[in-house]
Amino acid sequence: MDDLAELKQLYFQECEELLGEVERHLMALDEGSGDAETVNATFRALHSIKGGAGAFGLQRLVDYAHVFEALLDKMRSNEIPVTPDRVKVLLRAADVLTDLIRAMQSDTELPQDRESEMRAALETLAQGGEVALGAAAPAVSKPAVAEAPKAAPASAAPPPAAPAEPAPISHRYRIGFAPRADMFKRANEPLLLIRELGGLGMTSVEVDQSAVPALSDIDPEAAYLRWTIELETPAALDAVRDVFEFASDDCDLEIADLSPRAAEPAAQEEPAPVAPAEAADRPGDAPADLPAEAAAPPVADDDAPAVEAASPTPVKNTQAPTKENAAAATPQVSSIRVDLDKLEKVVNLVGEIVISQAMLAEHLGALSIDKFGGLAKGIEELSQHTRSLQDSVMAMRAQPVKSVFQRMPRLVREVASATGKKVRLVLHGEETEIDKTVIEQLYDPLVHMIRNSVDHGVESPEERAAAGKPVEGTVRLSAGHAGGRIIIEISDDGKGINRERVFQKAVAKGLIPADLSLTESQIDDLIFLPGLSTVDQVSNISGRGVGMDVVRSNIQRMGGRVSIRSTPGQGSAFTLALPLTLAVLDGMTVRVGDEIYVIPLANIIESLRPTARDVHSLAGGGHVLRIRGEYVPLVDVGRLFGVPNAASDASKSLVVLVEAGPGDKVGLVLDEIVGQQQVVIKSLEVNYQALPGLSGATILGNGRVALILDVPGIHGVVRGAATQARAASPMSHAQQVQA
């Protein structure tokens, strides 16, 4: 990949973040929680997208973003009020912007008319008109006053253009331009900026070579020259500043207005007040300056003070601090972008180091500690450093779930609008961090469950009013850490699950026999069966019985579990318990007959050796353990997996109590505990095939392969009357439902 292609890829990655900001701010405006700064932040994000598009010659994107930006500019200057109908148009416009960006990223061609209707709608709103969603946007005639040429970003500057002769030269500027040493390394080219100034008018340029060192001391990647440029142009000061917009952090810049006194009345106009929040842009944000447009009314520049023509007064660029005060003025960003593939290679290498360290520790056990004490100490230190390295790499891959959560308000709004309901989404724990690979697989399950909560859970306004509930329903999406796992809950205050209807639908579709006896929780679990839906009419939202079965399979594929709590008339809650990472885990190695298994440490509650009076047989087969006043089902791991020479009498074996779900416990019957260690997870599905009750495999220190137990999966085996029978033979479909 050449340098330009790499920079372009970085631009598209930044666009994903900026698009998320745009949608988040627009949703705040739509919900009525936004303010003037929200509009400003939306404008800045869009301005950054447009600027980068110009740098890479993506003219179609530039043109569309400019129209979008022009409307936002009039909104932030209060020329056009922000209304719910206009925000709805902006949300649709953001969708089109997303389509354009992703098409350009993947080098696919969108139809040329993809954005034409929305562009016309934006222009209509910018002129003070109204647009109805769903109807074709009215044709818009071009404004009578043509737009002034806009300055392109530095890295894609056009060839110098001759100044427009009909426009009188009304401004004269002296520009002191001193690139900093690392300017070239940031993909900025001083000569392109000077050429771009030539496109604004007539220039005379002087170069200062005094800082150029001797030939032997020259750094070929450093900038040493300084320029003094005199510019005669009809353009205003903000147009000159726009030329240096994308290089402002990489140069020292001074602009002095040498215009004659004829320009004094205009120059001494009182600037419009600027909101404090807008003036204090965050470090790293794109400048909020507007390109000069002949058709637009004058807008006060929040970075530039009013220019007085009485004497040539230098105008400092507040976004380009001098070297002396650079550190104090702008906090340095101490982060870099790293390709995920490179990070994955580091993770894999750390995994191999963990395995190698375990092998060394295994061999050390056969040696005399007195004779090899130094070696033992070294391996112990290696183990500690390996753990620290693994924790650091996992932290590098961790991301807040905010990147997924912030897409959900828009989804709730769209589904609520399509179903004629009023629904509010409440978010909690957005900063909870989770491994990036888990986040990538989390989006689809959340979309399914959020849609179901709005479509199936929350009642219509009329039904809620009749039930004495607020007309507006509430869906809550929360995230947090518990027991070494991430817990995500989606709950609503709707009508809850109609268990009788679910059971009847399952029987009608032949998914379960009519005489099957199920508990309330088992009936709730029926909604995860493929093809089951309680909706009579199929819509574009639901009714096909596809969705919740995919949710459960996706969550289980990640080594997680999903559980349901539902109270008729009060609502339902879906809880996802997911591993923090899919790469490594802390586990307890146990022996079952001749085999070694790994139990995730996060699932383990305690281990014990029960007495014969604590173990009770069930009439339909199987056993339970009575412990501290409660009965816990037992699973004979050796019998479940057909392991030879495994202990089968729970009263003479070791039992490890594990948590299989909220409030659910299972006792695993096994021979002995071997030890505790960190293991690297290898996927069974990728390397072999998915197996019930197993979530993966790992390589032990002695080189043997050990299987990792899937505790929630094993728990399914013991949910019913004939536990041991299902464990020893293939389960029928009805038994699988019961499990």
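Residues numbered from 1 in each chain as written. Predicted model: local features only at pLDDT ≥ 70, side-chain atom pairs only at ≥ 80, totals over all residues. Heavy atoms only, no water.

**Student:** Residues and numbers for the overall build of the chain, please.
**Tutor:** Across its full length, the chain carries 24 helices and 23 strands. Counting over 739 residues, the chain shows a buried share of 45%. When contacts within the chain are restricted to residue pairs at least 6 apart in sequence, those whose partners lie at least 24 apart make up 71%. Put simply, the chain shows about 36,800 Å² of open surface, and 52% of that area lies on carbon and sulfur atoms. (Helix = DSSP H or I, 4+ residues; strand = E, 2+ residues; numbered from the N terminus. Buried < 20%, exposed > 50% of the residue type's maximum accessible area, 1.4 Å probe, protein only. Contact = heavy atoms within 4.5 Å. Areas by Shrake-Rupley, 256 points an atom, 1.4 Å probe, with all protein chains shown as cover.)

**Student:** Which residues make up helix H6 (residues 190-198), and what values go with them?
**Tutor:** In terms of burial, H6 is a largely internal element, seven of the nine residues being buried. For H6, the set of buried residues is Pro 190, Leu 192, Leu 193, Ile 194, Glu 196, Leu 197 and Gly 198. Where H6 is buried, its residues touch strand S1 (171-179), strand S2 (202-208), strand S3 (226-233) and helix H7 (237-243).

**Student:** For helix H17 (residues 499-508), give the residues involved together with the corresponding values.
**Tutor:** Considered for burial, the residues of H17 that qualify are Arg 499, Val 502, Phe 503 and Ala 506. Each buried residue of H17 lies within a common arc of 95 degrees when the element is viewed along its axis, so the set occupies one face. Along H17, exposed side chains directed more than 90 degrees from the buried face belong to Glu 500 and Ala 508. In the core, the buried residues of H17 are packed alongside helix H18 (520-525) and strand S11 (561-567). (Arc of directions from axis to C-beta.)

**Student:** Talk me through the nonpolar core; I want residue IDs and the actual numbers.
**Tutor:** Core analysis: the biggest nonpolar cluster contains 49 residues, and Met 408, Leu 446, Ile 488, Ile 490, Leu 526 and Leu 576 have the highest contact counts within it. Residue contributions to this core peak at eight residues, all from helix H15 (residues 436-457). Those residues in contact with Ile 488 that lie beyond four places of it in its chain are Phe 405, Leu 442, Leu 446, Leu 477, Ser 478, Ala 479, Phe 574, Thr 575, Leu 576 and Leu 578. Of all hydrophobic cores here, the second largest spans 44 residues; its members include Cys 15, Ala 45, Leu 58 and Ala 103. (Core = buried A, V, L, I, M, F, W, Y, C linked by side-chain atoms within 4.5 Å.)

**Student:** Could you give me a rundown of the pairing of strand S18 (residues 630-636), with the residues and numbers involved?
**Tutor:** Of the strand pairs in this sheet, strand S17 (residues 623-627) and S18 are connected by four bridges, and their pairing is antiparallel. Bridge assignment links Arg 626 to a residue of S18, and that residue is Tyr 631. Joining the antiparallel neighbours S17 and S18 is a turn of two residues, in which Arg 628 adopts a positive phi near 50 degrees. Bridge count between S18 and strand S20 (residues 664-670): three bridges; the pairing is parallel. (Pairing = 2+ DSSP bridges.)

**Student:** So what about the sheet that holds strand S9 (residues 473-482)? Which residues, and what values?
**Tutor:** In spatial order, the strands read S7-S9-S10-S12-S11; together these five strands make up an open sheet with mixed pairing. The open sheet has two free edges, formed respectively by strand S7 (423-428) and S11, since each of these has just one partner strand. Within the sheet, the average angular offset between the axes of one strand and its neighbour, ignoring direction, is 15 degrees. Here strand S10 (residues 485-492) pairs with strand S12 (residues 571-579) via seven bridges, running antiparallel. Of the residues in S12, the one forming a bridge with Ile 490 is Phe 574. Together, S7, S9, S10 and S12 form the strand contacts of H15, whose direction differs from that of S10 by roughly 20 degrees. (Axes fitted to C-alpha atoms, helices over the stretch in contact; angles between N-to-C directions.)

**Student:** I'd love a proper account of the packing of aromatic side chains, names of residues and values included.
**Tutor:** For the structure on display, the rule yields six aromatic pairs. Note on Tyr 64 and Phe 68: the rings are 6.4 Å apart at their centroids and 75 degrees apart in plane angle, and the pair reads as edge-to-face. Highlighted residues: Tyr 64 and Phe 68, both in helix H3 (residues 59-76), separated by four residues, approximately one helical turn. Given a relative accessible area of 0%, Tyr 64 falls into the buried group. When the ring of Tyr 597 is compared with that of Phe 641, the centres are 5.6 Å apart and the planes differ by 25 degrees; the resulting orientation is stacked. Remark: Phe 641 occurs in helix H20 (residues 637-641) and Tyr 597 occurs in strand S14 (residues 595-600); sequence separation between them is 44 residues. The ring of Phe 43 has Arg 76 sitting right over it, with the charged end atom 4.0 Å from the ring centre. Looking at Arg 407, its charged tip hangs above the ring of Tyr 443, at a distance of 4.7 Å from the centre. (Phe/Tyr/Trp six-rings, centres within 6.5 Å; stacked < 30°, edge-to-face > 60°. Lys NZ or Arg CZ within 6 Å of the ring centre and 35° of its normal.)

**Student:** Tell me about the sheet that holds strand S23 (residues 705-709), and name the residues and values.
**Tutor:** One key point about sheets: their strands pair by backbone hydrogen bonds, in either a parallel or an antiparallel sense. Sheet architecture is open: five strands sit in the order S21-S13-S14-S23-S22, paired in mixed fashion. Here the strands that pair on one side only, and so sit at the sheet edges, are strand S21 (672-680) and strand S22 (694-699). With strand direction ignored, the average angle separating the axes of adjacent strands in the sheet is 35 degrees.

**Student:** Describe in detail the side chain of Asp 73, supporting the description with residues and values.
**Tutor:** With respect to the helices and strands, Asp 73 occurs in helix H3. Among the polar contacts made by the side chain of Asp 73, one reaches the side chain of Arg 76 at a distance of 3.3 Å. (Polar contact = N/O pair within 3.5 Å; in protein donor to acceptor, adjacent residues only side chain to side chain.)

**Student:** Just give me the short version of unusual backbone geometry, but keep the residues and values in it.
**Tutor:** Even without being a glycine, Asn 78 presents a positive backbone phi close to 65 degrees. As for its placement among the helices and strands, Asn 78 is situated in the loop between H3 and helix H4 (84-105). The class for Asn 78 is exposed, based on a relative accessible area of 69%. Although it is not a glycine, Arg 628 sits at a positive phi angle of roughly 50 degrees. With respect to the element layout, Arg 628 can be found in the loop between S17 and S18.

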